[in-house]
Amino acid sequence: MPTDELPETFHVTTDEQLRAVSSLTRHRIMAVLRFEPATITQIAERVGLAKGSSSYHVRLLERAGLVKVVRTRKVRGVTERYYAMAARTITLPDPGEGGPDTLMRHAVADLEAAPTDAERHVGMAHLRLSDEQFAQLGARLQALADEFRELSDPSLPDASLVFALFHPAQRKQADGGAE
């Protein structure tokens with residue numbers, strides 16, 4: 001199933017789904033499936049897992065509804081299953097104040113595991129924005145990400161874009177006032 005035939009968004013709503021996406025290994029499996037279907041063997045090779053481990057993680061993702069079998073074929077009497085993402089985008093619930101942001105944790109882990117000799121762009125900017133500017137910047141970042149996702153070509157190497165626009169918690173000085 002080509003990615004343009006997938007539903008646009010899958011909203012993670014259950015504890016089972018949240019546990020499934022909370023694993024870095026399963027996050028990496030979903031990254032393999034983001035552009036094209038793959039078999040357990042192909043997933044295992046791309047993620048660097050044993051086939052048994054790969055099968056276990058894919059079954060958990062399938063049970064949670066995050067991936068699905070999109071085609072099968074017989075190979076030497078064995079049915080080979082091709083798995084794909086259930087949607088183009090997986091949306092996670094807001095973790096709430098002080099809660100772990102699973103997406104950001106996975107992004108940092110992927111960044112730390114990325115080759116340091118390859119080109120990459122990492123930066124952080126501290127801004128002071130009105131509520132309207134904050135909303136405009138968020139919308140522009142999302143539109144830019146959507147624009148380039150439409151240009152994605154599965155034959156090209158993967159590139160990951162992660163952005164977070166947020167109001168940081170106000171830190172308190174020793175005397176109890178805000179910095």
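One structure accompanies this document, and this report is about it. (Residues numbered from 1 in each chain as written. Predicted model: local features only at pLDDT ≥ 70, side-chain atom pairs only at ≥ 80, totals over all residues. Heavy atoms only, no water.)

### Observations concerning the overall build of the chain
Counting secondary structure elements, the chain contains six helices and four strands. Going from the N terminus to the C terminus, the chain shows its helices and strands as β-α-α-α-α-β-β-β-α-α. A buried classification covers 22% of the 179 residues belonging to the chain. When contacts within the chain are restricted to residue pairs at least 6 apart in sequence, those whose partners lie at least 24 apart make up 60%. Of the side-chain charges in the chain, 22 are positive and 25 negative, and the distance between the mean point of each set is 9 Å. (Helix = DSSP H or I, 4+ residues; strand = E, 2+ residues; numbered from the N terminus. Buried < 20%, exposed > 50% of the residue type's maximum accessible area, 1.4 Å probe, protein only. Contact = heavy atoms within 4.5 Å. Lys, Arg positive; Asp, Glu negative; His and termini not counted. Charge placed at Lys NZ, Arg CZ, Asp CG, Glu CD.)

### Looking at helix 5 (residues 102–113)
Taking 1.5 Å as the rise per residue, helix 5 with 12 residues should run 16 Å; its terminal C-alpha atoms sit 17 Å apart, in good agreement. In this fold, the buried residues of helix 5 make contact with helix 1 (15–22) and helix 2 (24–32). If you check the start of helix 5, you find a side-chain oxygen 3.1 Å away from the backbone N of Met104, and it comes from Asp101. (Expected span 1.5 Å × (residues − 1). Polar contact = N/O pair within 3.5 Å; in protein donor to acceptor, adjacent residues only side chain to side chain.)

### Here we look at the pattern of salt bridges
Summed over the entire model, instances satisfying the criterion amount to seven salt bridges. In this structure, Arg88 and Glu8 form a salt bridge, with 3.8 Å as the shortest nitrogen-oxygen distance. Here Glu8 lies in the segment before strand 1 (9–11) and Arg88 lies in the loop between strand 3 (78–85) and strand 4 (89–91), a separation of 80 residues in the sequence. According to the relative accessible area criterion, Arg88 is partly exposed, its value standing at 26%. Judged by relative accessible area, which is 39%, Glu8 ranks as partly exposed. A salt bridge links Glu80 to Arg73, with the nearest nitrogen and oxygen atoms 2.6 Å apart. On the basis of relative accessible area, Arg73 is assigned to the partly exposed category, the value being 45%. The network of salt bridges with shared partners includes Glu8, Arg88, Asp146, Arg149 and Glu150. (Salt bridge = Lys/Arg side-chain N within 4 Å of Asp/Glu carboxyl O.)

### Describing helix 2
For helix 2, the set of buried residues is Arg26, His27, Ile29, Met30, Ala31 and Val32. Buried residues along helix 2 sit in contact with helix 1, helix 3 (40–47), helix 4 (51–63), strand 2 (67–75), strand 3 and helix 5. Sitting at the head of helix 2, Ser23 places a side-chain oxygen 3.3 Å from the backbone nitrogen of Thr25.

### Description of the environment of Gln42
Structurally, Gln42 is set in helix 3. Taking relative accessible area as the criterion, Gln42 reaches 26% and is therefore assigned partly exposed. Between the alpha carbons of Gln42 and Glu119 there is a distance of 26 Å; along the sequence they are 77 residues apart. When residues no more than four places from it in sequence are discounted, the contact partners of Gln42 are Pro37 and Tyr82. Of the polar contacts made by the side chain of Gln42, one reaches the backbone nitrogen of Thr39; its length is 2.8 Å.

### Comments concerning the pairing of strand 3
Bridge count between strand 2 and strand 3: eight bridges; the pairing is antiparallel. Bridge pairing in strand 3 links Lys74 to Thr79. A loop of two residues connects strand 2 with strand 3, the two strands running antiparallel in sequence, and Arg76 in this loop sits at a positive phi of about 50°. (Pairing = 2+ DSSP bridges.)

### Things to note about the nonpolar core
Soluble globular proteins tend to pack their nonpolar side chains together in the buried interior. Within the largest apolar cluster, 21 residues are counted, with the highest numbers of intra-cluster contacts made by Met30, Leu33, Ile43, Val58, Leu61, Leu66 and Val67. At the level of elements, helix 1, helix 2, helix 3, helix 4 and strand 3 are the ones that each hand at least two residues to this core. Ranked by residue count, the leading element in this core is helix 2, at three residues. Look past the residues within four positions of Leu66 in its chain and what remains in contact with it is Phe10, Val12, Gln17, Ala20, Val21, Met30, Leu61, Ala84, Met85, Ala86 and Ile90. (Core = buried A, V, L, I, M, F, W, Y, C linked by side-chain atoms within 4.5 Å.)

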